[in-house]
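Residues per chain, in single letters:
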Amino acid sequence: MKGVFITGTDTGVGKTLVATALIRQLQSTGQNVAGYKPVSAGCERVNGQFQNDDAQALLKVSPSVPNYEQINPIALEPAIAPHIAASEAGLTINLPSLVSGYGNLAAEHDCVVVEGAGGWRVPLNDHEGMDDLAVALDLPVLLVVGLRLGCINHSLLTVESIRARGLNLLGWVANHLSDSIPRSQENIDSLIARIDAPLLAELPYGDPPDIAEMALRFQLHRVL
Ligand SMILES: Nc1ncnc2c1ncn2[C@@H]1O[C@H](COP(=O)(O)OP(=O)(O)OP(=O)(O)O)[C@@H](O)[C@H]1O
Ligand SMILES: [Mg+2]
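Residues numbered from 1 in each chain as written. Chains lettered and ligands numbered in written order. Predicted model: local features only at pLDDT ≥ 70, side-chain atom pairs only at ≥ 80, totals over all residues. Heavy atoms only, no water.

Caption draft 1: Spatial organisation of the overall build of the protein chain. Secondary structure assignment for the protein chain yields 9 helices and 10 strands. Counting only C-alpha atoms, the protein chain reaches 45 × 40 × 35 Å along its principal axes. Residue pairs in contact within the protein chain that sit at least 24 positions apart in sequence constitute 74% of those at least 6 positions apart. Carbon and sulfur atoms make up 49% of the accessible area of the protein chain, which amounts to about 10300 Å² in all. (Helix = DSSP H or I, 4+ residues; strand = E, 2+ residues; numbered from the N terminus. Contact = heavy atoms within 4.5 Å. Areas by Shrake-Rupley, 256 points an atom, 1.4 Å probe, with all protein chains shown as cover.)

Laid out in structure tokens, this is it:
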């Protein structure tokens, strides 16, 4: 597989955790793999350049990529919706340039793991969103479900929209965002019964990244 697009039911649900674990898992099979965070919002200035934690984490597990901006071409300072941050910075996020950034990485790697920003339908400009970028990249999608109240609705809407855009849903990951989610197993069972794609991994609440790597190992090989 040339690439995978990681989306989530919301912001802060474990996309970066899953993306970095997946990259390392694929690398452990001998593949040359890089991460890509096309758009980030929530950056600090490092050596005169805005940088974001997620992209730094992806860069760290992508040793074959020399420059930060190859992993994260659009880095916006405030941690707000990207289209608003871009507009405040006087920028228009342009999908073809993000597709071309992906293409450059894909040309040099066996696989590129792309992390969205926020959830599936986050706007990027006045007319297009992260979902349009996934369509433009034509990548299979992996959905990270952050287990919390409301996640069933968010998951089902996201799955419906991914399918409506004609993309392949590889599967989903159930991520325990705390160790005290009420009825977590019932929530997972409800999603298994309603999502027509495999549950690829269940990540316990614990010390990242170790728990993610333990849980992802042996399971994603079913589809990757
Ligand atoms: N299973 C878990 N156990 C413990 N901590 C977790 C778990 N999953 C995620 N976290 C923590 O929750 C936070 C959010 O996770 P992460 O950054 O991977 O989410 P995200 O979906 O990538 O967020 P964003 O929308 O900002 O990109 C991080 O601090 C991460 O370490
Ligand atoms: Mg992230």
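Caption draft 2: Layout of the site of ligand 1. Around ligand 1, 18 residues are found, and the nearest of them are Thr-11, Lys-15, Thr-16, Asp-54 and Asn-175. Gly-206 places a polar main-chain atom, nitrogen or oxygen, 3.1 Å from a nitrogen atom of ligand 1. In isolation ligand 1 offers 630 Å² of accessible surface; the protein chains occlude 72% of this area. Elements represented by at least two residues in the shell around ligand 1 include exactly α1 (15-28) and β9 (169-176). With 3 residues, the single largest contributor to the shell around ligand 1 is α1. Its residues placed into classes, the shell around ligand 1 shows 6 nonpolar, 8 polar and 4 charged. (Near = heavy atom within 4 Å. Polar contact = N/O pair within 3.5 Å; in protein donor to acceptor, adjacent residues only side chain to side chain. Nonpolar A, V, L, I, M, F, W, Y, C, P; charged D, E, K, R; others polar.)

Caption draft 3: Geometry of helix α8 (residues 184-194). Within α8, burial applies to Ser-184, Asn-187, Ile-188 and Leu-191. Mapping the buried residues of α8 onto a view down its axis gives an arc of 95°, with all of them on the same face. Residues of α8 that are buried make contact with β8 (141-147), α7 (151-164), β9 and β10 (199-203). (Buried < 20%, exposed > 50% of the residue type's maximum accessible area, 1.4 Å probe, protein only. Arc of directions from axis to C-beta.)

Caption draft 4: Highlighting the packing of helix α5 (residues 95-108) against helix α6 (residues 130-137). Their axes nearest at 10 Å, the elements α5 and α6 cross at an angle of 50°. Taken together, the axes of α5 and α6 lie oblique to each other. Crossing of α5 over α6 shows right-handed handedness. Contacts between α5 and α6 involve Leu-95, Leu-98, Val-99 and Tyr-102 from the first element and Asp-132, Leu-133, Ala-136 and Leu-137 from the second. Residue composition of the contact of α5 with α6, by class: 7 nonpolar, no polar and 1 charged. (Axes fitted to C-alpha atoms, helices over the stretch in contact; angles between N-to-C directions. Parallel < 35°, antiparallel > 145°, perpendicular 65-115°, else oblique. Left-handed = near helix turned anticlockwise from the far one by under 90°.)

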